[in-house]
Structures are given as C-alpha cells and as structure tokens.
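Chain by chain, the residues:
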Amino acid sequence: MADVSADEFLSASKCVLERFHFDKFRETQKDASLNLLKGKDVLVSQPTASGKFVIFQFFPIMTEVVYGCD
C-alpha cells in the first residue's frame, strides 16, 4: 500500500472504533494494523475473544478511507 498519512490513519482508526463500538485499540491491535499498513507481514497470536477481528477489518476499512471505495 502507498504511504498513508497520519490523518488518513486517524480517520480509518476512528471508523473502525465507531463501527465496532470500541473506545480505543488494544496495543497489539494498533501495532499489527500499523505494520500491515507498512507492508510488513504480520502474525498475531492471541487468545479467543481478544479482538483479532479488528485487525482483519482494519485494512479493508483503511482502503475505503484512502481510496474512497464502497
């Protein structure tokens, strides 16, 4: 993915948090999402119900915000 501005990242983060009714990201969610945006491979190992789905959903939502996809 092309370089993402801080404003685009914040906008996408806000969309994700609002969509899933969260107040903030867990540290592992934020780190994994940032590394995905940097084009790095990410392996996340967390217990069930720890919020891995937010990481999976972040990238498509980010694409919507940056490229205006519906």
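Residues numbered from 1 in each chain as written. Predicted model: local features only at pLDDT ≥ 70, side-chain atom pairs only at ≥ 80, totals over all residues. Heavy atoms only, no water.

1. Regarding the packing of aromatic side chains
This model, assessed by the stated rule, comprises three aromatic pairs. Ring plane angle 80° and centroid distance 5.1 Å describe the contact between Phe20 and Phe53, whose orientation is recorded as edge-to-face. One end of the pair, Phe20, is in the loop between helix 1 (6–19) and helix 2 (27–37); the other, Phe53, is in helix 3 (residues 52–67), and 33 residues separate them in sequence. Look at Phe53 and you get partly exposed, because its relative accessible area is 39%. Here Phe25 and Phe58 contribute two aromatic rings whose centre-to-centre distance is 6.1 Å and whose plane-to-plane angle is 75°, an arrangement assigned as edge-to-face. On the criterion of sequence distance, the pair formed by Phe25 in the loop between helix 1 and helix 2 and Phe58 in helix 3 is long-range, its members being 33 residues apart. For the pair Phe25 and Phe58, a shared accessibility class is recorded, and that class is buried. (Phe/Tyr/Trp six-rings, centres within 6.5 Å; stacked < 30°, edge-to-face > 60°. Helix = DSSP H or I, 4+ residues; strand = E, 2+ residues; numbered from the N terminus. Buried < 20%, exposed > 50% of the residue type's maximum accessible area, 1.4 Å probe, protein only.)

2. Thoughts on the nonpolar core
Counting ten residues, the largest nonpolar core consists of Phe9, Ala12, Val16, Leu17, Phe25, Leu37, Val54, Phe58, Ile61 and Met62. Contributions of two or more residues to this core are made by helix 1 and helix 3. (Core = buried A, V, L, I, M, F, W, Y, C linked by side-chain atoms within 4.5 Å.)

3. Quick look at helix 2
Since the α-helix turns once every 3.6 residues, residues separated by three or four places project in the same direction. For helix 2, every residue scored as buried is listed here: Gln29, Ala32, Ser33 and Leu37. Each buried residue of helix 2 sits inside an arc of 135° when the element is viewed along its axis, so together they form one side. The first or second residue beyond helix 2 is Gly39, which carries a positive phi of 85°. (Arc of directions from axis to C-beta.)

4. What to know about the side chain of Ser13
Relative to the elements of secondary structure, Ser13 occurs in helix 1. Residue Ser13 is classed as buried on the basis of its relative accessible area, which comes to 7%. Those residues in contact with Ser13 that lie beyond four places of it in its chain are Phe25 and Phe58. (Contact = heavy atoms within 4.5 Å.)

5. Some remarks on the environment of Leu36
Position of Leu36 relative to the elements: it lies in helix 2. Distance from Leu36 to Phe59, taken between C-alpha atoms, is 7.5 Å for residues 23 residues apart in sequence. Every residue in contact with Leu36, bar those within four places of it in the chain, is listed here: Val42, Ile55 and Phe59.

6. Observations concerning helix 1
The first and last C-alpha atoms of helix 1 sit 20 Å apart over 14 residues, in line with the 20 Å expected at 1.5 Å per residue. If you check which residues of helix 1 are buried, you get Phe9, Ala12, Ser13, Val16 and Leu17. Angular distribution of buried residues about the axis of helix 1 spans 135°; they occupy a single face of the element. Across helix 1 from its buried face, at more than 90 degrees, point the exposed residues Asp7, Leu10, Lys14 and Glu18. A positive phi of about 60° marks His21, the residue just after helix 1. (Expected span 1.5 Å × (residues − 1).)

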